Every structure is written in C-alpha cells, then in structure tokens.
Amino acid sequence: MSTENQAVTHVLPSVIQVLVPGPVLDKKYESREYKSQQLECLALDDAGQPLQVGIIRVPSHLHGQIKTGFFRPVYGMRVNRERVIEPVLVDLTPYKPAPASGVAAKG
C-alpha cells in the first residue's frame, strides 16, 4: 500500500453560462450586515461541454449587473474562515461562444 498522497486536480471552468441570476439579498452574519447575490450556472470546459451545474456567488461590485448569458470567469485567491487558501470568483467577462461546427453563419 502506497503512503504517497494522491492529489486530485480539478480544472476550474473556463466558461460560465448564467441560467438564472438571483436577486440581491440583504444578509447578516455575526451582527455584520452585507448584500449577497448568487447565480444559477452551468460550468463549461474550453470546448463548450458541460462540466457541472451549480451556483456561484457574485462579487459585490457586480451585484445586480449580471444577466443570463455566457461569461469567462476571472479567479483570484483568498483565505476563507477556516484559513484555507482557495480560488474565488473576482470578475465575469462577457463571452460570445463560437457557433457549433456545421452551423452556417447568417449573413
């Protein structure tokens, strides 16, 4: 039996398709008030193939600005409450996917 740690690599999605933008909500944590918004999304790989369905939290500077569509996520790093350094979404750049192969472009 091997005692080596086997790291499992998960590639962060290169494209997010926003399916349902949620409302901006007022929240409170430990007597601190803040606003929060989540997006129901489909994470896609570089080829446009679905990876997973889930939610992402919108960075505060984008609250109320993201509509349905395709976006390229921009990730940064932060330390969470448990002191774990993790990737976090810092921006969403609008993205227009290429048409599927075999689909003629409309002129």
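Described in the following lines is the structure provided in the data block. (Residues numbered from 1 in each chain as written. Predicted model: local features only at pLDDT ≥ 70, side-chain atom pairs only at ≥ 80, totals over all residues. Heavy atoms only, no water.)

1. Regarding the overall build of the protein chain
Defined as follows: Secondary structure elements follow DSSP: runs of H or I of four or more residues count as helices, runs of E of two or more count as strands, with numbering from the N terminus. Here, residues are in contact when the closest pair of their heavy atoms is within 4.5 Å. Methods summary: accessible areas were calculated by the Shrake-Rupley approach with a probe of 1.4 Å, and residue burial reflects only the protein chains presented.
A count of helical and extended segments in the protein chain gives 0 helices and 7 strands. Helices (α) and strands (β) of the protein chain occur, in sequence order from the N terminus, as β-β-β-β-β-β-β. For the protein chain, contacts bridging at least 24 residues in sequence account for 43% of all contacts bridging at least 6. For the protein chain, the accessible surface area stands at approximately 8600 Å², while carbon and sulfur atoms represent 53% of it.

2. Re the side chain of Asn80
Using the following cut-off: Only protein chains enter the calculation, and the probe is 1.4 Å; a residue is then buried if its accessible area is under 20% of its type maximum, exposed if over 50%, and partly exposed in between. Any N or O atom pair separated by 3.5 Å or less is treated as a polar contact, with the protein-specific requirement of one donor-capable and one acceptor-capable atom, and with residues adjacent in sequence counted only for side-chain atom pairs.
Note on placement: Asn80 falls in the loop between strand S6 (69-79) and strand S7 (85-94). Relative accessible area serves as the criterion here: at 18%, Asn80 is assigned to the buried category. Polar side-chain contacts of Asn80 include one of 3.3 Å to the side chain of Glu86.

3. Considering unusual backbone geometry
Residues other than glycine seldom take positive phi values, yet Glu30 does so here, at roughly 50°. Structurally, the position occupied by Glu30 is in the loop between strand S2 (25-29) and strand S3 (32-36). The class of Glu30 is exposed, set by a relative accessible area of 64%. Phi is positive for Arg83, close to 70°, though the residue is something other than glycine. Position of Arg83 among the secondary structure elements: in the loop between S6 and S7.

4. Points about the pattern of salt bridges
We count it as follows: For salt bridges, the criterion is a side-chain nitrogen of Lys or Arg within 4 Å of an Asp or Glu carboxyl oxygen.
Tallied over the full model, the rule gives 2 salt bridges. For Arg78, the salt bridge goes to Glu86, with nearest N and O atoms at 3.9 Å. Owing to a relative accessible area of 44%, Arg78 belongs among the partly exposed residues under this scheme.

5. Quick word on the pairing of strand S5 (residues 50-57)
Spelled out, the test is: By the convention used here, strands pair only if DSSP detects at least 2 bridges between them.
Relative to S5, strand S4 (residues 38-44) runs antiparallel, the two being bridged by 7 bridges. Bridging across to S5, Glu40 finds its partner in Ile55. Joining the antiparallel neighbours S4 and S5 is a turn of 5 residues, in which Gly48 adopts a positive phi near 85°.

6. Regarding the sheet that holds S7
Note the cut-off: For helices, the fitted line uses only the C-alpha atoms of the stretch in contact; every axis is such a line through C-alpha atoms, and the angle between N-to-C directions lies from 0 to 180 degrees.
Strand order across the open sheet formed by 5 strands is S5-S4-S1-S6-S7, with antiparallel pairing between neighbours. With one partner strand each, in any of the chains shown, S5 and S7 form the two edges of the open sheet. Strand after strand, the sheet turns through a mean of 40° between neighbouring axes, direction not considered.

7. Things to note about the environment of Asp45
Mapped onto the fold, Asp45 is located in the loop between S4 and S5. For Asp45 and Val15, which are 30 residues apart along the polypeptide, the C-alpha to C-alpha distance reads 6.4 Å.

The values are spatial; any link to function lies outside them.
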